[in-house]
Amino acid sequence: MDIRLDGKRALVTGGNSGIGEAVVLALAEAGAKVAVNYVGHPEAAEALVQKIKSQKGEALALLADVSDPQAVTGMFAAIDKTWGGLDLLVNNAGIDGAHALAWESDIAAWKKVIEINLFGAYHCAREALKRMTAQKSGVIVNVSSVHEEIAWSGYSAYTASKAAVSMLTKTLAQEAAPLGVRVLSIAPGAIRTPINRSVWSDPDNMKDLLEKIPLDRIGEPKEVAQMVAIMASDAASYVTGRTVFVDGGMTDYPDFSHGG
Ligand code: BGC
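Being a predicted model, the structure only gives us computed values, none of them experimental.

**Considering the pattern of salt bridges**
Side chains bearing opposite charge may pair, as long as their charged atoms lie close to each other.
Thinking step 1. By the definition in use, this model includes 9 salt bridges.
Thinking step 2. With a closest N to O distance of 3.4 Å, Asp 208 and Lys 212 form a salt bridge.
Thinking step 3. Residue Lys 212 is classed as partly exposed on the basis of its relative accessible area, which comes to 40%.
Thinking step 4. Each of the salt bridges in this network shares a partner with another, and the network as a whole consists of Asp 80, Arg 126, Glu 127, Lys 130 and Arg 131.

**A few points about the pairing of strand β2 (residues 33-38)**
Thinking step 1. Most of β2 is tucked away: 5 of the 6 residues are buried.
Thinking step 2. With respect to chirality, the unit in which strand β1 (residues 9-12) leads through helix α1 (residues 18-29) into the neighbouring parallel β2 is right-handed.
Thinking step 3. Relative to strand β3 (residues 59-63), β2 runs parallel, the two sharing 5 bridges. Opposite Val 36, over in β3, you have Ala 61 as the bridge partner.
Thinking step 4. A crossover links β2 with its parallel partner β3, the connecting element being helix α2 (residues 42-54), and its sense is right-handed.

**Here we look at the side chain of Asn 16**
Thinking step 1. Note on placement: Asn 16 falls in the loop between β1 and α1.
Thinking step 2. The class of Asn 16 is buried, set by a relative accessible area of 11%.
Thinking step 3. In terms of polar contacts, Asn 16 uses its side chain to reach the backbone carbonyl oxygen of His 41, at 3.1 Å.
Thinking step 4. Those residues within four positions of Asn 16 in sequence are excluded, and the remaining contacts are Glu 21, Val 36, Asn 37, Tyr 38, Gly 40, His 41, Ala 44, Ala 45 and Leu 48.

**Looking at the site of the ligand**
Thinking step 1. Neighbouring the ligand are the residues Asp 96, Ser 145, His 147, Trp 152, Tyr 158, Gly 189, Ala 190, Ile 195, Asn 196 and Met 250.
Thinking step 2. In this structure, an oxygen atom belonging to the ligand sits 2.7 Å away from a side-chain N or O atom of Ser 145.
Thinking step 3. Here an oxygen atom of the ligand sits 2.6 Å away from a polar atom, N or O, in the side chain of Tyr 158.
Thinking step 4. Look at the ligand: alone it shows 310 Å² of surface, and the protein chains cover 89% of it.
Thinking step 5. In terms of residue class, the shell around the ligand is made up of 5 nonpolar, 4 polar and 1 charged.

**Observations regarding the packing of α1 against helix α8 (residues 221-232)**
Thinking step 1. In the contact formed by α1 and α8, the axes pass within 8 Å of each other and the chain directions differ by 50 degrees. The orientation of α1 with respect to α8, classified from their angle, is oblique. Along this stretch, α1 crosses α8, giving a crossing that reads as right-handed. In this structure, α1 contributes Gly 18, Ile 19, Ala 22, Val 23, Ala 26 and Leu 27 to the contact, and α8 contributes Pro 221, Lys 222, Val 224, Ala 225, Val 228 and Ala 229.

**A few points about helix α5 (residues 156-176)**
Thinking step 1. With 21 residues, α5 should cover 30 Å at 1.5 Å per step; its first-to-last C-alpha distance of 30 Å lies within 8% of that length.
Thinking step 2. Taken together, the buried positions of α5 are occupied by Ala 157, Tyr 158, Thr 159, Ser 161, Lys 162, Val 165, Ser 166, Leu 168, Thr 169, Leu 172, Ala 173 and Ala 176.
Thinking step 3. As for α5, its buried residues are in contact with α4 (107-135), β5 (138-143), β6 (181-188) and β7 (243-246).

Procedures and definitions
Residues numbered from 1 in each chain as written. Predicted model: local features only at pLDDT ≥ 70, side-chain atom pairs only at ≥ 80, totals over all residues. Heavy atoms only, no water. Salt bridge = Lys/Arg side-chain N within 4 Å of Asp/Glu carboxyl O. Buried < 20%, exposed > 50% of the residue type's maximum accessible area, 1.4 Å probe, protein only. Helix = DSSP H or I, 4+ residues; strand = E, 2+ residues; numbered from the N terminus. Right-handed = clockwise from strand over helix to strand, strands pointing away. Pairing = 2+ DSSP bridges. Polar contact = N/O pair within 3.5 Å; in protein donor to acceptor, adjacent residues only side chain to side chain. Contact = heavy atoms within 4.5 Å. Near = heavy atom within 4 Å. Areas by Shrake-Rupley, 256 points an atom, 1.4 Å probe, with all protein chains shown as cover. Nonpolar A, V, L, I, M, F, W, Y, C, P; charged D, E, K, R; others polar. Axes fitted to C-alpha atoms, helices over the stretch in contact; angles between N-to-C directions. Parallel < 35°, antiparallel > 145°, perpendicular 65-115°, else oblique. Left-handed = near helix turned anticlockwise from the far one by under 90°. Expected span 1.5 Å × (residues − 1).

Structure, rendered in C-alpha cells:
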C-alpha cells in the first residue's frame, strides 16, 4: 500500500527540529505541501524548506509562538494567503520543562509548559477546525506522549498537559466527526531527539531507559513520522478520537514480564 498525501496543505508546529522535522519530511515525501512552523532557529526551518523545494515539493517557513493566539491567527492567515486553506495540522510544538518536584516548581515555568503544550495545540486546532469543518474534510494529529498515561516524577506540568491533550483530542474528534474531520493523537515513547539528549548521550541513563522499553532500543524520529503520515492519510479514514502509541512497548509495562 502506498501512503499518499498529494496536494494536501499541511502545517507542522515546532517543525524545524526533532520529531517535527521528521514529520515535515515524511509529509512532503508523501506529496503534501508543508508549512514549517518554528519559534527559534529560523535557519533550520529555512534549510528544511530548501530541501523540500530541491525535491520539487512545496514548503514555507512560518514564525509563530503557538502559545500566543494572535501569532497563531497571523500564521493561519499567511497559510490562507499562500494555499487558500489547510487540510492537515500536526500539533507537535512542545516542551517538557525543567525537572522539579511539583511543590518546588516555579509557577511561571509550570504555566509555560501548559501554555505551549495544551493552549498551543488548542489555538492551532481552533483555527484549523474553522477551516476544516467548513470544507468538510481535514485531519488533526496531536503529538502527545507516553506520559499522557505514565506518571513521571519531576514533570507534573508535562504529564498534565499531555493527559489534557488526550482528552482534547477525544472531544474535538466528537465535535468535528459529523463534519468530516478526524482528530487523533500520537504518543511517542523515548525517541532520539534534542529534548532527551541528556538521556541517550549518557550510557548510565541509557541503560536505565532501555529497561523501560521492551523492544530494547530508543526510537528514531522517522518511526513516529511514518505513523503520522499513515494517520493523516486515507489509509486511516475510519480512525478518529484515539491515541496511537509509538513507544517500543513502553506502555506494556515491562516490569511485569516477571513477578506480580
Ligand atoms: C519525553 C522524553 C522521554 C520520553 C519517555 C517523552 O515524552 O519528551 O524526554 O524520554 O517521553 O519517557
